[in-house]
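The residues making up each chain are set out below.
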Amino acid sequence: MRGEYQTRQKREMTRFLAGHAMQCFTPEELARAMEAEGVRVGRTTAYRFLESLCRQQTARRYQDARGLSRYQYHGGDADCDRHFHVVCARCGNMFHVDCAMAGQLAEHLYAEHGFRVDARKSVLVGMCRDCQKGGGERGDDGTSRCDGDV
């Protein structure tokens, strides 16, 4: 974090997020999950830290189907900017869609409609496999599980 003061809380949040990469959190969920590990972080501190990670392009912010801002730490993984993301309207999980068909859709939109998709900012909303089966519950710590591809 160039130019920013590195507090113990910021170091702890960085450590926590690196250990939970690709998992999604609201600032409240991050603070609760860290408190469950014995580290107290205020909601405002978590929010400011997550926003700073977005500015540094090591995390992404998106709105889930309920309108909550959620954050996904990716540590600056450039591949994450090249594929589509989908969000479940029920559980709020974000998944990566890195397949040829999604790439073909982007190519079609450009070739036939002159529309270039920005995968960094594009999120499709639907319902994940677990929620369709009646699952889709949040983890014991209240956080969403955003740890896989669809």
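Above this text sits the structure in question.
Residues numbered from 1 in each chain as written. Predicted model: local features only at pLDDT ≥ 70, side-chain atom pairs only at ≥ 80, totals over all residues. Heavy atoms only, no water.

Asks: An account of the pattern of salt bridges is requested, with residue identities and associated values reported.
Replies: The full count for this structure, using the stated rule, is six salt bridges. Of the charged contacts, one joins Arg40 and Glu35 as a salt bridge, the two residues approaching to 3.2 Å between their closest N and O atoms. The exposure class assigned to Arg40 is exposed, which follows from its relative accessible area of 59%. For Glu35, a relative accessible area of 44% puts it in the partly exposed group. A salt bridge links Arg61 to Glu51; its shortest N-O distance comes to 2.5 Å. Placement of the pair is Arg61 in strand β2 (residues 59-63) and Glu51 in helix α3 (residues 43-55), with a sequence separation of 10 residues. A relative accessible area of 46% places Arg61 in the partly exposed class. (Salt bridge = Lys/Arg side-chain N within 4 Å of Asp/Glu carboxyl O. Buried < 20%, exposed > 50% of the residue type's maximum accessible area, 1.4 Å probe, protein only. Helix = DSSP H or I, 4+ residues; strand = E, 2+ residues; numbered from the N terminus.)

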